[in-house]
Structures are given as C-alpha cells and as structure tokens.
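One-letter residues, chain by chain:
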Amino acid sequence: MKSRILSILILGLIFSISGFAQSQDKIPEVEALLEKMTLEEKIGQLNLLTPGGGVATGAVVSKNVEDKIKAGKVGGLFGVSGPEKIRIAQEYAVNDTRLGIPLLIGSDVIHGYRTTFPIPLGLSSSWDMDLIQKTASIAAKEATADGINWNFSPMVDIARDPRWGRIAEGAGEDPFLGSAVARAMVKGYQGEDLTNPATMIATVKHFALYGAAEAGRDYNTVDMSRVKMFNEYLPPYKAAIDAGAGSVMSSFNDINGIPATGNKWLLTDLLRDRWGFEGFVVSDYTSLNEMIAHGMGDLQAVSALALNAGLDMDMVGEGFLSTLKKSVEEGKVSEEDITVAARRVLEAKYKLGLFEDPYLYLDENRPESDILTEAHREVARKAAARSFVLLKKEGSILPLKKNAKIGLIGPLANNKNNMLGTWAPTGDPQLSVPILQGLKNVAPNAEITYAKGANITDDAELAEKINVFGPRAEIDKKSPEVLLKEALQTANNAEIIVAVVGEATEMSGEAASRTDITIPESQKKLIRELLKTGKPVVLVLMSGRPLVISEEMEMPLSILQVWHPGVEAGNAVADVLFGDYNPSGKLTATWPRSVGQIPIYYAEKNTGRPEPASGEFEKFKSNYLDSPNSPLLPFGYGLSYTEFEYSDAKASSNTLNENGEITISATVTNTGEFDGEEVVQLYLHDKVRSITPPVKELKGFKKILLKKGESKTVDFKISVEDLKFYNANLEYVFEPGEFEFFIAGSSVHPFTGTFTVEE
Ligand code: BGC
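Criteria and cut-off values
- Here the residue index of a chain counts from 1 through its sequence in written order.
- In keeping with the model being predicted, local features are shown solely for residues with a pLDDT of at least 70 and side-chain atom pairs are shown and tallied solely at 80 or more, while totals for entire chains, interfaces and linings include all residues.
- Side-chain measures here rest on the full set of heavy atoms in the structure, leaving out hydrogens and waters.
- The secondary structure listing takes helices from DSSP runs of H or I that are at least 4 residues long and strands from runs of E that are at least 2 residues long, numbered from the N terminus.
- Each residue gets one of three labels from its accessible area relative to the maximum for its type: buried under 20%, exposed over 50%, partly exposed in between, using a 1.4 Å probe on protein chains only.
- Take a side-chain nitrogen of Lys or Arg and a carboxyl oxygen of Asp or Glu: if they are within 4 Å of each other, that pair is a salt bridge.
- In summary, the pairing rule links any two rings of Phe, Tyr or Trp, Trp by its six-membered ring, whose centres are within 6.5 Å, and it sorts them by plane angle into stacked for under 30 degrees, edge-to-face for over 60 and tilted for everything else.
- Here, a charge over a ring is recorded when the distance from Lys NZ or Arg CZ to the ring centre is within 6 Å and its angle to the ring normal is within 35 degrees.
- Surface patches are drawn from residues lacking salt bridges whose relative accessible area is over 30%; two like charges belong together within 9 Å, two nonpolar side chains (Val, Leu, Ile, Met, Phe, Trp, Tyr) within 5 Å.
- Only the protein chains shown count as covering a residue, and every accessible area follows the Shrake-Rupley method with a 1.4 Å probe.
- Residues scored as positive are Lys and Arg, those scored as negative are Asp and Glu, and His as well as the terminal groups of each chain are ignored.
- The location of each charge is read from NZ of Lys, CZ of Arg, CG of Asp or CD of Glu.
- Here the limits of each domain have been adopted from an automatic or database domain assignment.
- Residue contacts are counted whenever heavy atoms from the two residues lie within 4.5 Å of one another.
- Values labelled buried area give the accessible surface lost by two parts on being combined, using a 1.4 Å probe and summing over both.
- Side-chain atoms alone can form a polar contact between residues adjacent in sequence; in general such a contact is a pair of N or O atoms within 3.5 Å, and within protein one must be able to donate a hydrogen while the other accepts it.
- Between any two strands, at least two bridges found by DSSP are needed for them to pair.
- Lines are fitted to the C-alpha atoms to define the axes, a helix being fitted only along its stretch in contact, and any angle between axes, read from their N-to-C directions, falls within 0 to 180 degrees.
- Working definition: roughly parallel below 35 degrees, roughly antiparallel above 145 degrees, roughly perpendicular at 65 to 115 degrees, and oblique for all remaining angles.
- Here is the rule for handedness: rotate from the far helix to the near one, and if that takes an anticlockwise turn smaller than a right angle the crossing is left-handed, while a clockwise turn gives right-handed.
- For this analysis, a nonpolar core means a set of buried residues of the types Ala, Val, Leu, Ile, Met, Phe, Trp, Tyr and Cys, connected via side-chain atoms within 4.5 Å.

Mapped onto the elements of the fold, I88 is located in helix 5 (residues 83–96). Residue I88 is classed as partly exposed on the basis of its relative accessible area, which comes to 45%. C-alpha separation for the pair I88 and G44, spaced 44 residues apart in sequence, amounts to 19 Å.

Let us now look at the pattern of salt bridges. Under the counting rule described, the total for this entry stands at 42 salt bridges. Where E329 meets K325, a salt bridge forms, and the shortest distance between an N and an O atom there is 3.9 Å. Remark: K325 and E329 occur in helix 14 (residues 319–329); sequence separation between them is four residues, near one turn of the helix. On the basis of relative accessible area, K325 is assigned to the partly exposed category, the value being 35%. The network of salt bridges with common partners includes E521, K524, R528, E551 and E552.

Attention now moves to the packing of aromatic side chains. Working definition: an aromatic ring pair is given by the centre-to-centre distance plus the angle between the planes. Under the definition given, this model contains 24 aromatic pairs. Note on W127 and F701: the rings are 5.2 Å apart at their centroids and 90° apart in plane angle, and the pair reads as edge-to-face. With W127 in the loop between helix 6 (120–124) and helix 7 (129–145) and F701 in strand 21 (residues 697–706), this residue pair connects regions lying 574 residues apart in the sequence. Of the two residues, W127 and F701, both sit in the buried class. Across from the ring centre of W265, 3.8 Å away, lies the NZ or CZ of R226, which sits over that ring. Cation over ring: R689 sits above F725, and NZ or CZ is 4.1 Å from the ring centre.

Okay, a negative patch on the surface next. Taken together, D458, D459, E461, E464 and E481 make up a surface patch of like negative charges. Assignment of secondary structure puts E461 in helix 19 (residues 460–466). Taking the relative accessible area as the measure of exposure, E461 reaches 59% and is therefore exposed.

Looking now at the domain arrangement of the chain. In terms of domain boundaries, the chain breaks down into domain 1 (46–366), domain 2 (379–597) and domain 3 (644–757). Between domain 1 and domain 3, the contact holds 14 residues from the first and 13 residues from the second. When the two sides are added together, the surface that domain 1 and domain 3 hide from each other amounts to roughly 1200 Å², 70% of it contributed by carbon and sulfur. The tally of links between domain 1 and domain 3 comes to zero salt bridges. Across the domain 1-domain 3 interface, the total number found is three residue pairs in polar contact (both at pLDDT 80 or more). Contributing elements (two or more residues each) for the side of domain 1 that touches domain 3: helix 8 (175–190) and helix 9 (226–233).

Another point: the sheet that holds strand 22 (residues 711–718). Taken in spatial order, the three strands make up an open sheet running 17-19-22, and their pairing is antiparallel. At either margin of the open sheet sits one strand with a lone partner, and together these are strand 17 (644–651) and strand 22. For this sheet, the mean inter-axis angle between neighbouring strands, taken without regard to orientation, is 20°. As judged from the eight bridges shared by strand 19 (residues 662–670) and strand 22, these two strands associate in the antiparallel manner.

This next bit is on the sheet that holds strand 13 (residues 447–451). Within the open sheet, the six strands sit side by side as 11-16-15-14-12-13. Their pairing is mixed. Each edge of the open sheet carries a strand with a single partner, namely strand 11 (389–392) and strand 13. Across the sheet, the axes of successive neighbouring strands diverge by a mean angle of 20°, strand direction being ignored. With four bridges joining them, strand 15 (residues 537–542) and strand 16 (residues 558–561) adopt parallel strand pairing. Residue L541 lies in a different strand from strand 16, and its bridge partner there is Q561. Strand contacts of helix 18 (residues 435–442): strand 12 (405–409), strand 13, strand 14 (496–502) and strand 15, with the helix running at about 175° to strand 13, the strand carrying the most contacts. Along the sheet face, helix 23 (residues 569–577) touches strand 14, strand 15 and strand 16 and points at about 145° away from the line of strand 15.

Next up on the list: the packing of helix 2 (residues 28–36) against helix 15 (residues 335–351). At their nearest, the axes of helix 2 and helix 15 sit 10 Å apart, and the two run at 135° to each other. Considered as vectors, helix 2 and helix 15 are oriented oblique to each other. Where helix 2 crosses over helix 15, the two elements pack in a sense that is right-handed. For the pair helix 2 and helix 15, contact is made by E29, V30, E31, L33 and L34 and by T339, A342, R343, L346, E347 and Y350, respectively.

A separate point is unusual backbone geometry. Following K205, the chain continues to H206 via a peptide bond in cis, the omega torsion being -5°. Of note, the bond from I598 into P599 is cis; its omega dihedral lies within 30 degrees of zero at 0°. Structurally, P599 is set in the loop between helix 23 and strand 17. Here W127, not a glycine, exhibits a phi torsion of approximately 50°, which is positive. The class of W127 is buried, set by a relative accessible area of 2%. Backbone geometry places D648, a non-glycine residue, at a positive phi of 60°. A relative accessible area of 47% means that D648 is categorised as partly exposed.

A few words now on the pairing of strand 16. In strand 16, alternate side chains face the same way, and those of S558 and L560 on one face and I559 and Q561 on the other are all buried. Across three bridges, the pairing between strand 11 and strand 16 is antiparallel. Counted as the bridge partner of L390 is L560 from strand 16.

To continue, consider the nonpolar core. Membership of the largest hydrophobic core comes to 136 residues, with the highest contact counts inside it found for L77, F207 and L234. Setting aside anything within four residues of it in sequence, one finds F207 in contact with L234, Y237, V248, M249, S250, S251, A260, L266, L267, L270, L271 and W275. Of all hydrophobic cores here, the second largest spans 42 residues; its members include I496, M507, L560 and A572.

In structure tokens:
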C-alpha cells in the first residue's frame, strides 16, 4: 500500500509538472489491468453513452444504459448529474462488472455550471485571462461537486464567420488571443492536480477547424491549406494541449476530404506524432456514425476508419461497440490498436484518482456548499460587467444617474429566459437576474417604468425553431401595435430610454446559423419609433455573435453590447449603466457592415491590388462596388466612459537578433472624466517573408487600470520566438527583415515604428 501511495505521489508530481501532453511513462496499475482485460472489455472502455435527460444534441439517446454498464460495455457517461444519481451508475460499474472499472462522467460545462458566466465570446471580450481562468475553476468546483469529472470544454475553434451560431462558444477570430484563452481555461478546469476533487479533465474541441465551416452553416465542410491551418486556426488547440489538456474532441466537419473523426493525418500524424499529445480523443456526438452520411462507408467501415485514425472513444453512436470485434476478426483493425485506445481512457481514469476511489467526486455534501454560492455569483457579476463592449457613445448620458427617470423597454428587458445564453444546460434561467431587477437593485432611487415594446421576433416559424429548449421567443398575445403603443407611452413619460434588444439565446449556438444577422425587424422598428420621441436612447444589445448593426450605428443613440451575460445579467448591466464599473471590453471578432463582407477579419492578407487608402472605390482594385472593405467595428475595438490617449510608442532598439529581446512600449493616458480600464494591444507586421504575411497580427495585450488623469507606460517584450510562423514546409521559423508595429486600443491604427530582425 505504501509503495502504491508513493508511486501515486511520484506520478502526481510528474503529471502536475508536465500535464498530459508530455507524460511518457506507462502507468503500472493501468498496464496490470490491461493484461487482464478481454477484447470485449477493452472495447467497452471506448464507449461513451448518454442516458438522456440532459440536452441531447443529436437525434440519438442511448438505450439500456444500465444493462450495458453492468455488462462492461461502457467507459463513460455524460448528461447525468448529481452525486446520488451518478453513484448508482458508478456502483453498477464498480460492483457489477468483472473488473470493476469506474466510469468517466462527462458534461458540457461551457460557461459555468450552475453559476452561469457570460457566453464564451463575451468572456473573451474581457481580455482578462485571470478572470477567465477563475470562471473555469469555479465551473470545475461546481461541476465536480455535482459528480462530473470530465468537461467538454474549452471550445477553441477560431471563427471568422458570424453567420455560424457557434461563434458564441469560442474566443473569436484571433489565434494569439484564442491561445491565451485556451490556456487559461485548461488551467482553470484542471488546476494543479487532477486528483483534487475540485478539478476535472478539460477537452479541447472541436478538433479541428470546426469554426471554418463553409458558408457559416453548421457541421459543414472545411477545405483549407495546411499553411493557413497552422498559422491561423490550429494555434489555440495546440496551446490547450501544451497547457496539459487531458482530452481532445474530434469535430463533425470534413477536413480536406476526410471527416475529422476518421482523419489519421489529424488525429495521429499531427496530434500525436507532431504535438506529442498523450491524452485520449473522443468523437463528437455520433460524429463517428455520421461519417456514413459523409460517404465514408457503412458503420463497420467508419468505425474501423476512426479507430485506425486515432480516435479512442465513440460518443453515443456505439459503432465501436457493435463492430470493432468483427473488424479485429476480419483483420481490419488490430487488437493492439484497441489496447492503445483503452489504455488512454484508463490512464485518464487513473489520473483523476478514480482507481484509488471511484466515488471521489461523489460527496453528497458538496452540492450544497459548493454550487451557486454568493461568492461565485459575485464573480459572475464581475465577469459579465467586464465582458460588455461599449460600441457607441452619444452625448454624455452615460453613465446614467442613479436617480434618473428611466423608461426600460424591450423584449429582453424583463426576461429571465434569455439571460444565460446558449449551451448553459446546467444553469437555470429562472435563477437569473433580469435587467429590470438589476436596475432596481443598483439604483433603488431611480424611477423605472417598463414596457416590452415588441416581440423578439414576429415570425412565428422562426420563434418555434428558437424555442426548442424552452420558451425563448414567445409571441405575445398582445398585437405588435399594442406593444408599441405601450412602449411609446412609457418612453414619453421618461427622461431616458434604455432599450434592451437583440437575439434570443437560441438564435446563436449549435445548429443556429443565420444568413441575416441583423436585429430582428420587430425590434428594429421599436428602436426607430423610440428614437422619434426625441429622448436620449441607450441600446443594451444582446447577442451570441457579431451582428450587422449598420443602421443602428448611424442613429443618434448609445450602444452597449452585453452578449448573453449569464446568471447575474441584470446586476452587471446595472453596474455598467450606472457607472459602478466603467466598460472595458473589446471585440474579439470583427463586426461586418453586411453579410456580404463575410468572412471578414483583421489579420487578412494584402492583395496585389489593395483598396485605395481613401476607402473610395477604384476600378481594378480589390474592393466592392457597393461597400467599403473596412468592417463596421474592428477586432479589438471598444469604448469607455473615459478617453485614453496613446503616445510615445517606441522600440528599445532598432534591431533584434536571434538571442536578443526588444521592448516595445507606449504611454497611455486617461484624459477623460472617469477612472477606467483599457486593453492595450500590440500589433506587428512582418513586411517581407517567404509566405505572404497578414497585414497585422496581435502579438501582445495588457489590461491596465488608469485613474482619471493618470498615465502609465506599457511594455511588451519581443524576441524572435514571438515572430515565428509556419513556412511553406510547415517549419516553425522566423525570418530576418523589417517589422512594423503599433500599440493602440484597437486593431485599426497606423504603424508608428519599425525594427529589423538581423540575419
Ligand atoms: C457538440 C459538442 C458537445 C456534444 C456533447 C455536440 O453536439 O458539438 O460540443 O460537447 O454535443 O453534448
């Protein structure tokens, strides 16, 4: 026993230092177990089921789960929660199977467990990595208190197409920022030591390139050059793996002709051989079976394809369970490869401490003390306020006075059902603070009257599609005309109008792609009518994606983008509207002028015939007849109640060599009337290199607090490591030459200096 504890300690030490990616040694306990296992038992470990009851994201829900667990045909479950329920399942596995191997218990804990934080796209807009890590560690604490030990998050897919509803689930368009967020989330979920029952295994998803689905249509094809993948889309997955993420989920999409779930280049050559990943790979929900529809053969063929490609665990589809034995007999897969996959699943269980104690995560007292605590709600409130992006300031009505006479109007103004955002299956909308309540909490002396004003949409067919997981966009019994009339009465009696409008929760997320990403017409009409009252209007805009708000940006009103803010929605919105927190969020995905500009992102390549600097159309240039190339709102953009001025940008030296480092710095001054935080961003441009460079790339950011009138110098250290890219041979290299830089509060700014990297 002593030596066992010692070996666990040593392994724990190795693990905590190196994470999954580098742990090379075989685990004696796992090897001993594998020795005893039959082929069927090994295949059983590769089977992941969901008994239903949670949010099923495919048409299939597993049947006879209890019998299958007892027969040793299940390696893990998801979609079950609560220590009591999970204990029953775990006891079947431990007591009723020959070898008593415990189950992995998975879940989609995407932006908080019970304490729902803002949607991930919102969280990323905080640019605050400590805060993001904190939200992930709270999510882990709550989920593990409820019996979960394996999380299907972080989703790190780079997304440059806001038609794609799942842009809501990630950190936006940029690989540098996306990698930082990926690391923070893995660290938050997994902590220092996975056997700590407040931590869980993180799953990097969706591997890979899922965010590049053609036409923004979910599950769609991806065809992309390797150079583009390596430089622009793969870095966040790699960052998460380097941070020690224990598992990877293969994506639904096809990549250059082979679906990710059966793609050997992806799952073995890249992930294992090149990146050294040592954890296990799980499919997405029935993505293995879906390879039949992709045209890759029947269930036996696609199961063999997936196993041979390097997939270890089959989610829900039972293709492995029902065909692998036959494929071994027919020589289509080897038992050795099945052993390798089973080893990876068992190692994960070992690292979680489940062999030592299968009930480690099943402490019945924890839910009460660890879930949705006041302290967690405080973090949710803080995170939400920091995720908001002030898109437009009109006059100086913001922040609002706490004794103002406010007409609070809009279908999202007093609405609990849409505060949590997409993929919050473990949250409870009824626990969320609606905006009306939040305003009253923060400004009890304000005079607030409320009117709904409009439906989220008047389109009954669309409403029905949005209401799949419960009422999100119900059409009011009152007619649109009556709703509007009531709103105008409310508006006319107020000094200031706060209009809370935008997308319902299920207008973004999985299988929620849109070809028209404007605010629904019912609400646009409401905004136009409110403006006609002549009262100052503040739009509080909710969405799970960048929207096309070209019309609203032209209107004389202020716009605060609040995404779907989570369980503390109302309190956080009130904190910002009344100035207890000065907004500091910056966009992490470009907002287009029109859908016709998509895909649009700041780190584009130049053409040989760039658009003229004036933005005016010129024949035989790369421009549109009917629109400028520039976006409506660029990456990195976001205003504050105060103003920041940048000056004195410089590099500590004009030259940089292979072993050296330079410091690029600028002075930032708060010249406005309020204290505030600013996300200071460094962009570089590699002027000449062997593959065409992007016009600029984010290479550093820091979020700083500046008191009114205060100045600070912000430094970024740059070495050649930061200048590396994948060349045409996919070698990770830097190339000598001249680089331009600027430091600013957004991605749009002229370059202000240069340095040269020496041979
Ligand atoms: C989603 C995954 C999720 C899985 C399990 C799928 O439809 O693509 O992100 O983890 O369902 O719920």
